[in-house]
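Survey of secondary and tertiary structure
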Amino acid sequence: MKLKYSTSVDIIKFRPEPAWKDRVERWYQLDENGYVICEAVYDWLRKDKMHKFDALLLVLPEASNLADLDFVSSTPASPAKFVYTLPNIAGVLVAQMTSFHGPIFCLCEDPDSQKITLFAQSLLLAGHKKVFVLESSLALNSTKERVVTGYFWG
Amino acid sequence: MYLVGYDCITAAGSGYECLMQSLYSGVDNSAIVLPEQWKTTVVGGGKACLISEHKEAAHLERFRVYSESVWRKLFSNLSETAKKTLSYRKTLIILSSTKGFIEDYIWQSSEASIRSKENSFQKIISNFVNILKDDVTSVETLVISNACASSHVAIESAKNYLNFSDFDSVIILAADLIGPFIYSGFQALKVLSTTSNRPFASDRDGLQLGEALAVLVFQKQKPDGVSLNLTSIASDMEGGSVTKPSMDGTSLLRCLNRVVKNVSEFPDFSIGHGTGTIFNDLSEAKALSAMSEQFKTKLSVSGIKWSIGHTLGASGALDVIAASEVLKSEKLFALANSNMSDSKLVLDFVLANEKIRNLCHTRSAVVTSLGFGGIHAALRLEKQS
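The present account deals with the structure reproduced in this document. (Residues numbered from 1 in each chain as written. Chains lettered and ligands numbered in written order. Predicted model: local features only at pLDDT ≥ 70, side-chain atom pairs only at ≥ 80, totals over all residues. Heavy atoms only, no water.)

On to the overall build of chain A, then. When you go through chain A residue by residue, the secondary structure sums to five helices and five strands. The secondary structure elements of chain A, listed N-terminal to C-terminal, are β-α-β-α-α-α-β-α-β-β. Computed over the C-alpha atoms, the radius of gyration of chain A is 15 Å, within 12% of the 15 Å expected from 2.2 N^0.38 for a compact globule of 154 residues. Based on the C-alpha atoms only, the size of chain A along its principal axes is roughly 45 × 35 × 30 Å. Sequence-distant contacts in chain A: of pairs separated by 6 or more residues, those separated by 24 or more amount to 67%. Per element, the accessible surface of chain A, about 6300 Å² overall, is 51% carbon and sulfur. Distance from the positive charge centre (17 side chains) to the negative charge centre (18 side chains) of chain A: 5 Å. (Helix = DSSP H or I, 4+ residues; strand = E, 2+ residues; numbered from the N terminus. Rg over C-alpha atoms; globule rule 2.2 N^0.38 Å. Contact = heavy atoms within 4.5 Å. Areas by Shrake-Rupley, 256 points an atom, 1.4 Å probe, with all protein chains shown as cover. Lys, Arg positive; Asp, Glu negative; His and termini not counted. Charge placed at Lys NZ, Arg CZ, Asp CG, Glu CD.)

Next up, the structure:
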């Protein structure tokens, strides 16, 4: 079974204190990717759309390139910005929002592709009960919002 | 799944033989990074193990040269059966990396170009597919980036694909370079050693970075003769902190327990992640100690980062190569810069004074990995006759 949810986040209007601020370590230092993922996961938690999962598959086609650019543009080098220059860091935020611990696979691939389906299926065949696929591209939609999509497989 | 071929290039030189020669001879390949090391000035003083060949070339060019030379040598050493499987059956190629090979892209990009859905890794992996085109026919690709545990996560994915899909081979290309971006980041985190890298030592003072490109070939089919079977692998994200592992090693112990589950024989040795930072080594040693206690024995532990540096997304693949060579030779190299182990870490470390430990009837090894984002992983490799 595959369940799909999408949430659009306006990246211009970063709220000074998001509703999920107490759930995430140093929320005020998050990069854009981390922020929108937390917004989306919180939205699904609030609407009771989050299911219990035992494997997390992050699909980030542009990896952490925006955080990377932000880091190399900062002088002096900022340790707080450096820690977001790895795409799998977004997984820690999902874990902190949902109290998840377990395997995480971070793919830099196109979202909703045959590759992602095959990967998720291989995890289910390997014994995982439910796989949470979280896809987030840096591209903005027609209303200049970031779209985050979550799938629950299994 | 079976490890049927491997090779690499590191600061020790081109070929896994150079890596092993360095490890067995106690050669530390590091040098102090100078402020003018790269085009972008950095705060010098940290240690790094850099590949000297083609060091002036652009990152993509270095990737092409290194991956081509590593692949050509590896392929020529493969058995005819392994070559035939690559020629006629489906192969998955997994790139395991952090950002060593995309540094140039980041420095030259803009927010607009990054948002244009340009996948910076695709150029790299396409380049490699092109190098392989005469040897490997039916190919699909994947890019995995799980911090310093990328290699282990790629190997775990490879095992799932070989077990549960119609792929017969998986080629893992694990690679990272060091540039001003990565170096400055680790320098900003204040985790770089300025003396020498001493994993698990009482006086350890940080890590040293390293450059490497490694290729591992896994296949479903058991090869003839002595083989290396990757029997089990597990990864786990604890989700507590972005950079610090839990001090009790809980998450890594979960992985270790999964990889030695149903195994009656205690692993003969471990190639530890051992970065030389206070937190990594403490957390890792606690997990390895807890596993040892379950078997009521002390585990022999060594590592390779004191010689070729922490090679980030490639580190796990290099540890697997080193473990494979130790399984074959039954000689475990020492942590050649570590003179006295930390008394808080209760394991049987192979320290500098021992130089080489002779192992008898070596059968299996565990290889551990830890990365930013609270990711931990362990795998078990078994020699089979």
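Counted under the stated rule, the structure contains three cavities of 30 Å³ or more. Considering only enclosed or pocket space, the largest cavity measures out at about 110 Å³ in volume. Lining of the largest cavity is provided by A:Phe82, A:Thr85, A:Leu86, B:Thr98, B:Lys99, B:Cys148, B:Ile182, B:Phe186, B:Leu312 and B:Phe372. Split by residue class, the lining of the largest cavity holds seven nonpolar, two polar and one charged. Lining the second largest cavity are 15 residues, with A:Asp31, A:Asn33, A:Gly34, A:Ser64 and A:Tyr84 sitting closest to its centre. Where the lining of the second largest cavity is concerned, the elements lending two or more residues are helix H1 (32-46), helix H2 (65-72) and helix H4 (89-98) of chain A. Its residues assigned to classes, the lining of the second largest cavity shows 10 nonpolar, four polar and one charged. (1 Å grid on protein atoms, 1.4 Å probe; cavity = no way out; pocket = protein on both sides within 12 Å on 5 of 7 lines; lining within 4 Å. Points joined across faces, edges and corners; volume = space filled by probe spheres on them. Nonpolar A, V, L, I, M, F, W, Y, C, P; charged D, E, K, R; others polar.)

Attention now goes to H2(A). The buried fraction of H2(A) amounts to seven of the eight residues, a majority that puts the element mostly inside the structure. Buried within H2(A) are the following residues: A:Asn65, A:Leu66, A:Ala67, A:Asp68, A:Leu69, A:Phe71 and A:Val72. The secondary structure elements touched by the buried residues of H2(A) are H1, helix H3 (79-82) and strand S4 (131-140) of chain A together with helix H4 (103-108), helix H5 (111-115) and helix H8 (180-188) of chain B. (Buried < 20%, exposed > 50% of the residue type's maximum accessible area, 1.4 Å probe, protein only.)

So, on to the layout of surface pockets. Each pocket or cavity is described by its volume, and for the largest pocket that value is around 770 Å³. Surrounding the largest pocket, 35 residues form its lining, B:Leu189, B:Val191, B:Thr243, B:Lys244 and B:Phe372 being those nearest its centre. Elements supplying a minimum of two residues to the lining of the largest pocket: H3 of chain A together with helix H10 (278-295), strand S16 (364-371) and strand S17 (375-384) of chain B. Looking at the lining of the largest pocket, the element that brings in the most residues is H10(B), giving three residues. Taken together, the residues of the lining of the largest pocket break down into 16 nonpolar, 13 polar and six charged.

A separate point is the packing of aromatic side chains. Residues and elements named next belong to chain A. Tallying each qualifying case throughout the model produces 25 aromatic pairs over all chains. When the ring of Phe-71 is compared with that of Phe-82, the centres are 5.2 Å apart and the planes differ by 50°; the resulting orientation is tilted. One end of the pair, Phe-71, is in helix H2; the other, Phe-82, is in helix H3, with 11 residues separating them in the sequence. Under the relative-accessibility criterion, Phe-71 is labelled buried at 3%. Judged by its relative accessible area of 6%, Phe-82 falls in the buried class. In textbook terms, an aromatic cluster arises when at least three aromatic residues are bridged by ring pairs, as seen for Tyr-5, Trp-44, Phe-53, Phe-100, Phe-132 and Phe-152. (Phe/Tyr/Trp six-rings, centres within 6.5 Å; stacked < 30°, edge-to-face > 60°.)

The next point concerns unusual backbone geometry. In this structure, A:Pro76 follows A:Thr75 across a cis peptide bond, with omega equal to -10°. For A:Pro76, the location among the structural elements is in the loop between H2 and H3. Positive phi values are uncommon outside glycine, yet B:Phe200 reaches one of about 65°. Relative to the assigned elements, B:Phe200 resides in the loop between H8 and strand S8 (209-210). Judged by its relative accessible area of 0%, B:Phe200 falls in the buried class. Positioned with a positive phi, B:Glu330 is a non-glycine residue whose angle comes to about 60°. Along the chain, B:Glu330 falls in the loop between helix H12 (315-329) and strand S13 (331-333).

The next point concerns the interface of chain A and chain B. At the interface, 50 residues of chain A touch 51 residues of chain B. By the criterion of area lost to chain B, the three top residues of chain A are A:Asn65, A:Val72 and A:Phe82, representing 13% of everything that side buries. Across the contact surface, chain A and chain B share two salt bridges. For the interface between chain A and chain B, the tally reads 17 residue pairs in polar contact (both at pLDDT 80 or more). Every element with two or more residues in the side of chain A that touches chain B is listed here: H2, H3, H4, strand S3 (104-107), helix H5 (114-125) and S4 of chain A. Grouping the constituent residues of the side of chain A that touches chain B by class yields 32 nonpolar, 11 polar and seven charged. (Buried area = accessible area lost by both parts, 1.4 Å probe. Salt bridge = Lys/Arg side-chain N within 4 Å of Asp/Glu carboxyl O. Polar contact = N/O pair within 3.5 Å; in protein donor to acceptor, adjacent residues only side chain to side chain.)

This paragraph deals with the sheet that holds strand S4 (residues 47-49) of chain B. Sheet strands pair by backbone hydrogen bonding; their relative direction is either parallel or antiparallel. Residues and elements named next belong to chain B. Judged by pairing direction, the sheet is mixed, and its three strands sit side by side in the order S3-S4-S8 without closing on themselves. The open sheet is flanked by strand S3 (31-32) and S8, the only strands paired with a single partner. Bridging between S3 and S4 involves two bridges; their strand directions are antiparallel. Across the sheet, residue Ala-31 finds its bridge partner in S4, namely Ala-48. (Pairing = 2+ DSSP bridges.)

Everything listed here is a matter of coordinates, which is why it stays silent on function.
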